[in-house]
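# Structure at a glance
What follows is the residue order along each chain.
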Amino acid sequence: MADTQVKYTPSPKTGNPGLLSSAATTMQGRTAMLRAVYGGTETMRAKGAEFLPQYEKESDARYAARLASTFALNKLREAVDAASAKPFRTLLKLQNTDPDLDLWAQDIDLQGNHLHVFAHQFFNNAMLDGMCHILVDHPDTYNMKSLADQKASGARPFMKMYKVDDVAAAYDMYVGGDTKTVHVRIRGQRAERDGFKEVLYNQMRVIEIDPTKTSGIVQLWEQKATSGGSNWDFIEETPLQNMAEVPFVTMYAGEKESDYLARPIFIDLAYKQIEHWISSSDQRSILSAARFPMLACSGVQIDPEDEKQFAIGPYKVLYAPEANGRWYYVEPRGTAIESGAKDLDKLEMQMDMMALNPVTGTHRQYVPQNERDIQETRVHSVVHDMAINCQDAIEKAILFMGQWTSKDYSQVQTVLNTEFSNTKDRIEEVKQLVAMYEKRGISRETLLREVYKRNLLGDDFNMQNELAALQAIDAALGSTDPNAAPSDPNAPAKPAAPAAANSNTPANGNGTKAPLPDFPAGQTRPKKQI
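Broken down by element type, the protein chain carries 13 helices and 15 strands. Here the protein chain holds 530 residues, and 38% of them are scored as buried. The long-range share in the protein chain, meaning contacts at least 24 apart out of those at least 6 apart in sequence, stands at 63%. Surface summary for the protein chain: the accessible area is close to 31,100 Å², and the carbon and sulfur share equals 51%.

Below, the structure is given as structure tokens:
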């Protein structure tokens, strides 16, 4: 096989940087539909005939009334938000950090958002659109003379989140045994004041790396928002140094079809919600016509000019002049209404299943416990895998933050909640762990760690502080083994050692009093055991 050499051609300074890649074209078509469905009634109505077809010979006024009386059952939002909340039930934690990273995590995007909040939004957008992106940026320090000037300015790396619609194109390349992002084009916008008016400018940032080096360029392009999508003006180009790839991280949440192209997890649910939207509109129209009986007459000649006064039903009077002058009400049969109701019930159950709802159908029928367990396992496995993907993406973004500041953050770990079982099951598991601890099958530290993993201890729980406090209590009680299990209450009691008179402080070997242990706040000193 012939050797292949990576070639690099820098982006030009003329042309149209707003052109979409093939992957971005496909993804933006999908996300436009998903975002409209996720928005619920308001955004689905805005889609008009695209989501709710207008029937043949249906007047515009009648269609507008039907559209205005249609409301969404927003299962997509319920599914995305519920799935996104699971990994963030407890506070996101970072391990093996340093003081700088701990400080940056308090305001990770320079917009006042804690890393936990930022990661939750990142995860939520990925679950909806099928992917989401993070650009690890750094304020421009190219013109600063020294590192001291840079530190004095407060410049430091930060994360910025981009949705699918924000990225016009992105390309990866296999370089040096690893896949690296070598080119990204990101959309933006800025506003410029002109007196009391506002002029909007579309922006495009082109970020690319020379894969044969550890450097690249950042280009800025602009166009007036009213220009119609062309006429881009090249503004400036600055160097990007000490980066082996574009600091761009993508989390995939769904079936990855190719680079930057994924089939979102809930896309079928979105289509099913549109189907429910159409069926519920038909059902409401049927009910509107059926709730009011129509007044009909036969053998009566009515002047068309006077017909409006007889519009007792939902629409108008029915009459036949050639009969014997009879007035009566006409009511439709309920067969169609019942069929429509059954169709809606069926669609809602299907939507529950697609929404990864572990209690599907419980409001309609009994679901056996074993079936619910199977469904919960399916749900938890999907969200669990996505949570691990999110952890990896955040860790890679932190690694880029370290590269911006010449720090090695390769050992930093991100910890999200991946324990999704219900509280009753977790308590039963803890009971078994306690039994193992009492039989000296596991250590105290292992017991505390497992209880903490099951979210039965607060976010402020600190393993080292807790172990130190327990060791102090063990020392006061005369125990030398910090992992010793509680004694058997049925075992014969051992004679107690004589205590010093009128003293609560144990004596050491030379007869002087030993210092009292430092007990945590809220814990009282143990009483003497006799």
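Here the narrative resumes.
Moving on: the pattern of salt bridges. Two side chains of opposite charge can pair, provided their charged atoms sit close to one another. Counting across every chain of the model gives 16 salt bridges. With its nearest N and O atoms 2.5 Å apart, the salt bridge here joins glutamate 222 to arginine 190. One end of the pair, glutamate 222, is in strand 7 (residues 215-224); the other, arginine 190, is in strand 5 (residues 178-194), with 32 residues separating them in the sequence. Two residues, glutamate 275 and lysine 272, come together in a salt bridge whose shortest N-O distance is 3.1 Å. Here the residue glutamate 275 and the residue lysine 272 both occupy positions in helix 8 (residues 267-290), the gap between them amounting to 3 residues, near one helical turn. A residue is classified by how much of its surface remains accessible, and glutamate 275, at 37% relative accessible area, is partly exposed. The class of lysine 272 is buried, set by a relative accessible area of 14%. Through salt bridges that share partners, Glu58, Arg66 and Asp282 make up one connected network.

Here helix 13 (residues 463-477) contains 15 residues, and its C-alpha end-to-end distance of 21 Å stays within 8% of the 21 Å for a straight helix at 1.5 Å per residue. Buried-residue contacts for helix 13 involve helix 12 (444-453). Just past helix 13, the residue glycine 478 takes up positive phi, approximately 90 degrees.

With that settled, consider the sheet that holds strand 7. An order of 4-5-6-7-8 is seen for the 5 strands of this open sheet, with the pairing classed as antiparallel. Taken across any chain shown, the strands that pair with only one partner, and hence form the sheet edges, are strand 4 (167-175) and strand 8 (233-241). On average, each strand axis in the sheet is inclined to that of its neighbour by 20 degrees, with strand direction left out of account.

The next point concerns unusual backbone geometry. Most peptide bonds are trans, and most residues other than glycine sit at a negative phi. A positive phi is found at serine 406, a non-glycine position, where the angle reads about 60 degrees. Inspection of the secondary structure puts serine 406 in the loop between helix 10 (369-404) and strand 15 (413-415). A positive phi angle, near 60 degrees, is found at arginine 440, a position not held by glycine. Turning to its location among the elements, arginine 440 is positioned in the loop between helix 11 (423-438) and helix 12. Residue arginine 440 is classed as exposed on the basis of its relative accessible area of 55%.

Glancing now at the state of the cysteines. Enumeration according to the criterion identifies 0 disulfides in this entry. With no disulfide of its own, cysteine 132 has cysteine 390 as its nearest cysteine by sulfur position, at a separation of 9.5 Å.

Next up on the list: the side chain of glutamine 203. Looking at where glutamine 203 falls in the secondary structure, it is placed in strand 6 (residues 197-210). Within the structure, glutamine 203 has its side chain in polar contact with the side chain of glutamate 222 (distance 2.8 Å).

Counting residues in hydrophobic clusters, the biggest one holds 54 residues, and the most contacted among them are Leu76, Ile134, Met159 and Met251. The biggest single contributor to this core is helix 10, with 9 residues. Residues contacting leucine 76, with those up to four places away along its chain left out, are Leu34, Val37, Tyr38, Leu128, Phe266, Leu269, Ala270 and Gln273.

So, about the environment of alanine 262. Tracing the backbone through its elements, the reader meets alanine 262 in strand 11 (residues 261-264). In this structure, the C-alpha to C-alpha distance between alanine 262 and arginine 30, residues 232 residues apart in sequence, is 9.8 Å. Ignoring any residue separated from it by four or fewer positions in sequence, one finds alanine 262 in contact with Met27, Arg30, Gly130, Met131, Tyr252, Glu255, Lys256 and Glu257.

As a further point, take the pairing of strand 9 (residues 248-252). With 5 of 5 residues buried, strand 9 lies mostly within the body of the structure. The two faces of strand 9 match: Phe248, Thr250 and Tyr252 on one face and Val249 and Met251 on the other face are all buried. Pairing between strand 2 (residues 131-137) and strand 9: 5 bridges, direction antiparallel. The residue of strand 9 that forms the bridge with isoleucine 134 is valine 249.

Two numbers describe how helix 4 (residues 75-85) lies on helix 6 (residues 115-129): the axes approach to 9 Å, and their chain directions differ by 135 degrees. By the angle between their axes, helix 4 is oblique relative to helix 6. Between helix 4 and helix 6 lies a crossing of right-handed hand. Of the residues in helix 6, those in contact with Leu76, Val80, Asp81, Ala83, Ser84 and Ala85 of helix 4 are His120, Phe123, Asn124, Met127 and Leu128. For the contact of helix 4 with helix 6, the residue count by class is 7 nonpolar, 3 polar and 1 charged.

The subject of this paragraph is the pairing of strand 10 (residues 254-258). Two faces make up the sheet, and in a regular strand the side chains alternate between them. Alignment of strand 10 against strand 11, held across 4 bridges, turns out to be antiparallel. Residue pairing in the sheet places glutamate 255 in a bridge with arginine 263 of strand 11. In this antiparallel pair of consecutive strands, strand 10 and strand 11, the connection spans 2 residues, and tyrosine 260 shows a positive phi of 60 degrees.

The strand order across the open sheet formed by 3 strands is 3-2-9, and the pairing between neighbours is antiparallel. At either end of the open sheet lies a strand with only one pairing partner, and these are strand 3 (158-162) and strand 9. Direction aside, neighbouring strands of the sheet carry axes that sit 25 degrees apart on average. On top of the sheet, helix 6 reaches strand 2, strand 3 and strand 9; it is set at about 140 degrees to strand 2, its chief contact.

Calculation criteria
- Residues numbered from 1 in each chain as written.
- Predicted model: local features only at pLDDT ≥ 70, side-chain atom pairs only at ≥ 80, totals over all residues.
- Heavy atoms only, no water.
- Helix = DSSP H or I, 4+ residues; strand = E, 2+ residues; numbered from the N terminus.
- Buried < 20%, exposed > 50% of the residue type's maximum accessible area, 1.4 Å probe, protein only.
- Contact = heavy atoms within 4.5 Å.
- Areas by Shrake-Rupley, 256 points an atom, 1.4 Å probe, with all protein chains shown as cover.
- Salt bridge = Lys/Arg side-chain N within 4 Å of Asp/Glu carboxyl O.
- Expected span 1.5 Å × (residues − 1).
- Pairing = 2+ DSSP bridges.
- Axes fitted to C-alpha atoms, helices over the stretch in contact; angles between N-to-C directions.
- Disulfide = S-S within 2.5 Å.
- Polar contact = N/O pair within 3.5 Å; in protein donor to acceptor, adjacent residues only side chain to side chain.
- Core = buried A, V, L, I, M, F, W, Y, C linked by side-chain atoms within 4.5 Å.
- Parallel < 35°, antiparallel > 145°, perpendicular 65-115°, else oblique.
- Left-handed = near helix turned anticlockwise from the far one by under 90°.
- Nonpolar A, V, L, I, M, F, W, Y, C, P; charged D, E, K, R; others polar.

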